Amino acid sequence: MMTFQGGPKEAARMLALLDVESRRRILGELEIKDPRTAEVVRTLMVTLEDLQFLTIRMLQEFLKAVSLRELGLALRRSSPELKRHLLSQLSLRMQEEIQEVLQGPPQPKIIAEDAEKKVLKILLEKVEKGEIVLSKDGKDQMV
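Residues numbered from 1 in each chain as written. Predicted model: local features only at pLDDT ≥ 70, side-chain atom pairs only at ≥ 80, totals over all residues. Heavy atoms only, no water.

### Remarks on the environment of Glu31
Heads up, the condition is: Secondary structure follows DSSP: runs of H or I at least 4 residues long count as helices, runs of E at least 2 residues long count as strands, and numbering of each begins at the N terminus. Contacts are assigned to residue pairs that have any heavy atoms within 4.5 Å of one another.
Residue position: Glu31 is located in helix α2 (residues 20-33). If we ignore the near neighbours within four places in the chain, the residues touching Glu31 are Ala38 and Arg42.

### Details of the pattern of salt bridges
What counts, and what does not: The salt bridge criterion pairs a side-chain nitrogen of Lys or Arg with a carboxyl oxygen of Asp or Glu, the two atoms within 4 Å.
Evaluation of the coordinates by the stated rule reveals 15 salt bridges. Here Lys118 and Glu70 are joined by a salt bridge, their closest N and O atoms 3.6 Å apart. A residue pair is termed long-range when its members are at least 10 positions apart, and Lys118 in helix α8 (residues 109-129) and Glu70 in helix α5 (residues 68-75) qualify at 48 residues. Glu125 is paired through a salt bridge with Lys121; the nearest N and O atoms lie 3.9 Å apart. Of this pair, Glu125 and Lys121 both sit in helix α8, separated by four residues, roughly a single helical turn.

### Structural notes on the nonpolar core
Selection criterion: The term nonpolar core refers to a set of buried residues drawn from Ala, Val, Leu, Ile, Met, Phe, Trp, Tyr and Cys, joined through side-chain atoms within 4.5 Å. Working definition: with a 1.4 Å probe on protein chains only, accessible area under 20% of the residue-type maximum means buried, over 50% means exposed, and in between means partly exposed.
Core analysis: the largest hydrophobic core is formed by 36 residues, its most contacted members being Leu51, Leu54, Phe62 and Leu123. Of the residues forming this core, the biggest block, seven residues, is contributed by α8. Not counting residues up to four positions away in its chain, the partners in contact with Leu123 are Val46, Thr47, Leu51, Leu54, Phe62 and Ile132.

### Concerning the packing of helix α1 (residues 7-16) against helix α3 (residues 35-44)
In plain terms, the rule: To obtain each axis, a line is fitted to C-alpha atoms, and for helices this fit is confined to the stretch in contact; angles are then taken between N-to-C directions over 0 to 180 degrees. When an angle is under 35 degrees it counts as roughly parallel; over 145 it counts as roughly antiparallel; between 65 and 115 it counts as roughly perpendicular; any other value is oblique. Take the far helix as the reference: if the near one is turned anticlockwise from it by less than a right angle, the crossing is left-handed, and if turned clockwise, right-handed.
Orientation of α1 relative to α3, taken along the N-to-C sense of each, is 60 degrees, at an axis distance of 8 Å. It follows from the interaxial angle that α1 and α3 lie oblique. Remark: the crossing between α1 and α3 carries right-handed chirality. Counting all contacts with α1, which are made through Pro8, Lys9, Ala11, Ala12 and Leu15, the residues of α3 involved are Val40, Val41 and Leu44.

Here you go:
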């Protein structure tokens, strides 16, 4: 059983467990009372590691909206397990394109951080619209 201890990270964890409509309503109310906290909570609702919870279908939808170069740059900062998992779900051509970025010349940290922010922004938008459901319990869900 999960225990919650407070703060924006915990609020984001709890909100991520809710259905899309409830999450929108609560974030909307929080935005009225404290816009800065609402934005922090919203950005903490998804991480790169959440990409491992996408079904093949959701991953395909996500990849339509994200640049493979941006994804490759963002993945430079992720765990080897996430990289392996994502690459195993992709076509050979996509794998090669991302591997090229991953194994390419070193980039300034700020470039990888910016790529991660862009990728997470797209993921968050899709989660908020209900196009992607982060099913951390392993259930295959698609709205």
